[in-house]
Amino acid sequence: MTHRIETIALDTPSPGTTRQLMVHRFGRGEGPKAYIQAAIHAGETPALLVAHHLLALLENADVPGEVVLVPFANPVGLGQRVHGRHLGRYDLDSGVNFNRDLPDLSEAVDAAVGEGLGSDAPINVAIVREAMAEALAGLRMAREGSVLKAALLGLACDADIVLDLHCAQRALLHLFVDAGLWTQAAELHADLGCAVTLLESDTGSGTAFDHACTVVWRTLQARHPDKAIPDACLAATVELRGFSDVDEDVAATDAENILRFLRRKGVVAGDAGPLPEAVGEAYPLETVGFADAPATGIVTFRVALGDHVRRGDVVAEIVDPAAPSAAAARTPVTSPTDGLVYELADSRFLWAGQTVCHVAGREPLADQRANLLGD
Ligand SMILES: [Zn+2]
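What counts and what doesn't
Throughout, residues of each chain are indexed from 1 in the direction in which the sequence is written. Local features in this predicted model are restricted to residues of pLDDT 70 or higher, and side-chain atom pairs are both shown and tallied only at a pLDDT of 80 or more, whereas totals for entire chains, interfaces and linings draw on every residue. Note that the side-chain values use all heavy atoms of the structure and ignore hydrogens as well as water. For the domain bounds, the source is a domain assignment made automatically or taken from a database. Here a residue-residue contact requires only that any non-hydrogen atoms of the pair lie within 4.5 Å. As used here, buried area is the combined drop in accessible area, with a 1.4 Å probe, of two parts when they are placed together. Contacts described as polar in this section are N or O atom pairs within 3.5 Å, which, within protein, must combine one atom able to donate a hydrogen with one able to accept it, while residues neighboring in sequence count only if both atoms come from side chains. To qualify as a helix, a DSSP run of H or I must reach at least 4 residues; to qualify as a strand, a run of E must reach at least 2; elements of each kind are numbered from the N terminus. Each residue is assigned to one of three groups, with Ala, Val, Leu, Ile, Met, Phe, Trp, Tyr, Cys and Pro labelled nonpolar, Asp, Glu, Lys and Arg labelled charged, and all others, Gly among them, labelled polar. Any two strands with at least two DSSP-identified bridges between them are counted as paired. For this analysis, a salt bridge means a side-chain nitrogen from Lys or Arg found within 4 Å of a carboxyl oxygen belonging to Asp or Glu. Throughout, exposure labels follow a simple rule: accessible area from a 1.4 Å probe, protein chains only, divided by the maximum for the residue type, with under 20% read as buried, over 50% as exposed, and the rest as partly exposed. The rule for donors is simple: an N, O or S atom within 2.8 Å of the metal counts, and for Na, K and Ca the reach is 3.2 Å. Water is not among the atoms, so a site may look short of donors. For a four-donor site, all angles between 85 and 135 degrees give tetrahedral; for four or six donors, opposite pairs above 155 degrees with the remaining angles between 65 and 115 give square planar or octahedral; all remaining cases count as irregular. Note on method: axes are straight lines fitted to C-alpha atoms, helices fitted across the in-contact stretch only, with angles between N-to-C directions ranging 0 to 180 degrees. For patch building, the residue pool is restricted to those with more than 30% relative accessible area and no salt bridge; the joining distance is 9 Å between like charges and 5 Å between nonpolar side chains (Val, Leu, Ile, Met, Phe, Trp, Tyr). Method for areas: the Shrake-Rupley scheme with a 1.4 Å probe, in which residue coverage is limited to the protein chains shown. Charge assignment: positive for Lys and Arg, negative for Asp and Glu; neither His nor the chain ends contribute. To locate a charge, take NZ of a lysine, CZ of an arginine, CG of an aspartate or CD of a glutamate. By convention, a stacked pair of Phe, Tyr or Trp rings (six-membered ring in the case of Trp) has centres within 6.5 Å and planes under 30 degrees apart, an edge-to-face pair has planes over 60 apart, and any other such pair is tilted. Charge over a ring is defined by NZ of Lys or CZ of Arg lying within 6 Å of the ring centre and within 35 degrees of the ring normal. What makes a crossing left-handed is the near helix being turned counterclockwise from the far one by less than a right angle; a clockwise turn instead makes it right-handed. The handedness rule is simple: strands pointing away from the viewer, and a clockwise path from the first strand over the helix to the second, make the crossover right-handed.

## Describing the domain arrangement of the protein
Piece 1. Partitioning the protein into domains gives domain 1 (3-279) and domain 2 (286-360).
Piece 2. Relative to domain 2, the C-alpha centre of domain 1 lies at a distance of 32 Å.
Piece 3. Every contact between the two is made by 12 residues of domain 1 and, on the other side, 15 residues of domain 2.
Piece 4. Of all residues in domain 1, the largest losses of buried area upon contact with domain 2 belong to Q169, R170 and L172, amounting jointly to 58% of the total for that side.
Piece 5. Our enumeration of links across domain 1 and domain 2 arrives at 5 residue pairs in polar contact (both at pLDDT 80 or more).
Piece 6. Contributions of two or more residues to the side of domain 1 that touches domain 2 are made by strand 8 (170-171) and strand 10 (196-200).
Piece 7. Across the side of domain 1 that touches domain 2, the residue classes tally to 8 nonpolar, 3 polar and 1 charged.

## Re the sheet that holds strand 19 (residues 349-350)
Piece 1. In space, the 4 strands of this open sheet follow the order 17-16-14-19, with antiparallel pairing throughout. The sheet is open, and its two edges are formed by strand 17 (330-334) and strand 19, each paired on a single side.
Piece 2. Pairing of strand 16 (residues 314-319) with strand 17, which is carried by 5 bridges, proceeds in the antiparallel orientation. Paired with V319 across the bridge in strand 17 is R330.

## Structural notes on the pattern of salt bridges
Piece 1. Summed over all chains, the structure comprises 22 salt bridges.
Piece 2. The salt bridge involving E66 is made with R25; its shortest N-O contact spans 3.0 Å. Of this pair, E66 sits in strand 4 (residues 66-70) while R25 sits in strand 2 (residues 19-27), and the two are 41 residues apart along the sequence. In terms of burial, E66 and R25 fall into one category: buried.
Piece 3. A salt bridge links R302 to E317; the nearest nitrogen and oxygen atoms lie 2.5 Å apart.

## Let's talk about the coordination of the zinc ion
Piece 1. Distances from the zinc ion to its protein donors, namely H41 (ND1), E44 (OE), E44 (OE) and H166 (ND1), fall within the range 2.1 to 2.3 Å.
Piece 2. Seen from the zinc ion, its 4 donor atoms lie at angles of 56 to 148 degrees, and the figure they make is irregular.
Piece 3. Mapped onto the sequence, the residues coordinating the zinc ion show the spacing H-x2-E-x121-H. No difference in accessibility class separates H41 from E44, as the two residues are buried.

## Points about unusual backbone geometry
Piece 1. Within the chain, A42 stands out as a residue other than glycine whose phi angle is a positive 60 degrees.
Piece 2. Structurally, the position occupied by A42 is in the loop between strand 3 (33-38) and helix 1 (45-59).
Piece 3. When its relative accessible area of 1% is taken as the criterion, A42 is described as buried.
Piece 4. The residue R241 is not glycine, and still its phi comes out positive at about 65 degrees.
Piece 5. With respect to the element layout, R241 can be found in strand 11 (residues 234-242).

## Quick word on the sheet that holds strand 10
Piece 1. An order of 1-2-4-3-7-11-9-10-12 is seen for the 9 strands of this open sheet, with the pairing classed as mixed. Only two strands of the sheet have a single partner each, and these edge strands are strand 1 (3-10) and strand 12 (281-284). Direction aside, neighbouring strands of the sheet carry axes that sit 20 degrees apart on average.
Piece 2. Together, strand 1, strand 2, strand 3, strand 4, strand 7 (161-168) and strand 11 form the strand contacts of helix 1, whose direction differs from that of strand 4 by roughly 145 degrees.

## Here's the deal with a negative patch on the surface
Piece 1. A contiguous patch of negative charge, built from D245, D247, E248 and D249, is present on the exposed surface.
Piece 2. Along the chain, D247 falls in the loop between strand 11 and helix 8 (248-264).

## Overview of the packing of aromatic side chains
Piece 1. Across all of its chains, the model carries 2 aromatic pairs by this definition.
Piece 2. Ring centres of F349 and W351 lie 5.0 Å apart, and the angle between their planes is 70 degrees; on these two criteria the pair is classed as edge-to-face.
Piece 3. Judged by relative accessible area, F349 falls into the partly exposed class, the value being 32%.
Piece 4. For W351, a relative accessible area of 51% puts it in the exposed group.
Piece 5. In this arrangement the basic side chain of R170 is found over the ring face of F301, its NZ or CZ atom lying 4.7 Å from the centre.

## Some details on the side chain of T337
Piece 1. Here T337 is to be found in the loop between strand 17 and strand 18 (339-344).
Piece 2. Sequence-distant contacts of T337, defined by excluding residues within four places in its chain, comprise G289, V309, R310, R311, V359, G361, E363 and L365.

## Describing the packing of helix 6 (residues 182-192) against helix 8
Piece 1. Where helix 6 contacts helix 8, the two axes come as close as 8 Å, and the packing angle between them is 145 degrees. Here helix 6 runs over helix 8; the crossing is right-handed. From helix 6, E187, L188, D191 and L192 reach across to helix 8, where they touch N257, I258, R260, F261 and R264.

## Here we look at the pairing of strand 9 (residues 174-178)
Piece 1. Counting buried positions along strand 9 yields 5 of 5 residues, so the element is predominantly enclosed.
Piece 2. Where strand 9 and strand 11 come together, 4 bridges link them in antiparallel fashion. Pairing of F176 across the sheet is with T237, part of strand 11.
Piece 3. As judged from the 5 bridges shared by strand 9 and strand 10, these two strands associate in the parallel manner. When the bridges of strand 10 are listed, V177 appears paired with L199.
Piece 4. Each parallel crossover has a hand, and for strand 9 linked through helix 6 to strand 10 it is right-handed.

Structure below.
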């Protein structure tokens, strides 16, 4: 068993303060590498607790490959307390979501090595990974949030497997993965017992962490179809249910399921056993129905997580406290599609336009939003 702890100092702009990333490294480096980080959105506690349980499992595991575990990926966001409330999703300095606008290294990597790639896939993988590290080293960044994102991507960009642990508002366990990776991700989906996997094509959102890990391979494949360029990184965003789903037994089971997947992929030694039967299905992200609040007010739900709904079904009502009469106060919120309710709003007071309910469906939607990952 090898276990090393490293720290990466973040260049902080505040005089007299320091911040650092903590990095656990396990393994002998004789097999695949997995990179796992928790809570790039800082306050997503279920992810932090699963990482804690995973640490305990890895401390007692034989790791012929390599596991890099970052148990809290966002010390910048963890420090953002405003009037006693923690605000970890957006960088208070820039206003940018901590899981958007990760560096897209495609152009730099293609310019550096694209034409030099050949017909040997393993050699190409090594060349591209080295070029990704060089491209990251060449970035010029001043803001703390950008330094953090580049540091995290630097730990992940040569991994075969990347698991970015998050949670949603109130939600069933679900994954986001590049649509082209579904064949690889199906085992992860089954091992974790996911209710839903959302397959990303063009999300219309800024570069999220999982996309930053896969976009280089996608871009090179598209530009150099004659070269042997595999999908060298299985990167997934793992949504460990909702903010309040912080439970020792659940987190321990999630960590055991992640470890079983790492065994299945040969990162960790031991028998993974037969693949569990999948409990949920994969859906294209572009056919998810987002039921947005048509008015501002108190939200009362008519559905629960796991319910199947039809298009037009009332999923919630918005109660306007400023309505002139009780009869005029209620506005129904309807499902835009047939499908499975997998996420509901956490806040019980919503402003018009905020999302009340996410429905995993399969029908194309005429008025689908452009930004499929949301803000
Ligand atoms: Zn998140």
